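Okay, here's what each chain looks like letter by letter:
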Amino acid sequence: MYSIIVVPPPTTEDEPARTQYRLAPGERLVFGRSVLEDGLRIGHDGVSRRAGEIAAHGTFWTLSNLCAHQTYVVENPEGAGEHIKVAPGRLDAPVPFEFSRIVLPAAGDLLPVEVWAPRHDYLRGEDGTDGEPTAPAFSVDRTKRYFAVLAALCEPRLRGAPHAPLPTMDQVVERLRPSWPAASRTSVQWNIDYLAVKLRLKPGPETAEPGPRLNGKKESLVSLALRFDLVREDDLVVLAAPSGRALR
């Protein structure tokens, strides 16, 4: 049974049907500019002769960076900017993503190698029924307007552009109009300030000593929300026109 599938970078000669390499647990695939016939050859002058090695395991895979000077980045295309870095010479770095993109810097180009891993298994049910329930780390109500504001801020990066600039205040207001016709710059800013306190990025107004000014408030909120999955792509439905239930 195969564990992972590796798809090489696109080329002008093989763009319509890119060759796929299927690895069973325990198998390895070397990639680079000059590799043996059973390896993945990447014909680019900026790629090392032996650039790296992918190893398949049961529920994950590892990446070895055989280059002496260049860091590789492994992106999670579904994770709104989530990535790991594999330093030069690092061996068997575990990669936790189900769908990954290895980005190889190559003389001014960024070459993507896609890796599809098995679907992850998750524990079903609670961790126990005795005692008091565990308090949530971040308490958010997806029916509230503040959550719609947060979703609008996160939307560009959740839509597959992890480095997209955050929307301006006017863009957020316009995006919220279908679900919140009365949205304005003032009301959106109030909800952003409320989120900064609710998610503990700054002290609340009842604090005896006023907290320091939070620079880059929107960026901090989006970074926190995406890092801990407070907003997922499925949550963007709150930005659509309401179907009988309005945000409060």
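In the block above lies the structure referred to throughout.
Description of the structure in this document.

1. Side note on the side chain of S64
Moving on, step 1. Among the structural elements, S64 can be located in strand β6 (residues 61-65).
Moving on, step 2. From its side chain, S64 meets the backbone nitrogen of D92 in a polar contact 2.9 Å long.
Moving on, step 3. Setting aside its immediate chain neighbours within four residues, S64 contacts A51, G52, E53, R90, L91 and D92.

2. Quick word on the sheet that holds strand β7 (residues 72-75)
Moving on, step 1. A sheet is described by the order of its strands in space; here six strands give the open sequence β2-β1-β11-β10-β7-β8, paired in antiparallel fashion. In this open sheet, the two edge strands, each paired with only one partner strand, are β2 (21-23) and β8 (83-86). Each strand of the sheet is rotated relative to its neighbour by a mean of 25°, with strand direction disregarded.
Moving on, step 2. In this sheet, strand β10 (residues 99-106) lies alongside β7 in antiparallel orientation, the contact comprising three bridges. Counted as the bridge partner of E75 is R101 from β10.

3. A word on unusual backbone geometry
Moving on, step 1. Even without a glycine there, the phi angle at A107 is positive, about 50°.
Moving on, step 2. Tracing the chain through its elements places A107 in the loop between β10 and β11 (109-116).
Moving on, step 3. The exposure class assigned to A107 is exposed, which follows from its relative accessible area of 69%.
Moving on, step 4. You will see that D229, though not glycine, has its phi angle at about 60°, which is positive.
Moving on, step 5. Structurally, D229 can be placed in the segment after α4 (217-227).

Rules and cut-offs
Residues numbered from 1 in each chain as written. Predicted model: local features only at pLDDT ≥ 70, side-chain atom pairs only at ≥ 80, totals over all residues. Heavy atoms only, no water. Helix = DSSP H or I, 4+ residues; strand = E, 2+ residues; numbered from the N terminus. Polar contact = N/O pair within 3.5 Å; in protein donor to acceptor, adjacent residues only side chain to side chain. Contact = heavy atoms within 4.5 Å. Pairing = 2+ DSSP bridges. Axes fitted to C-alpha atoms, helices over the stretch in contact; angles between N-to-C directions. Buried < 20%, exposed > 50% of the residue type's maximum accessible area, 1.4 Å probe, protein only.

Scope: geometric values only; no functional claims are made or implied.
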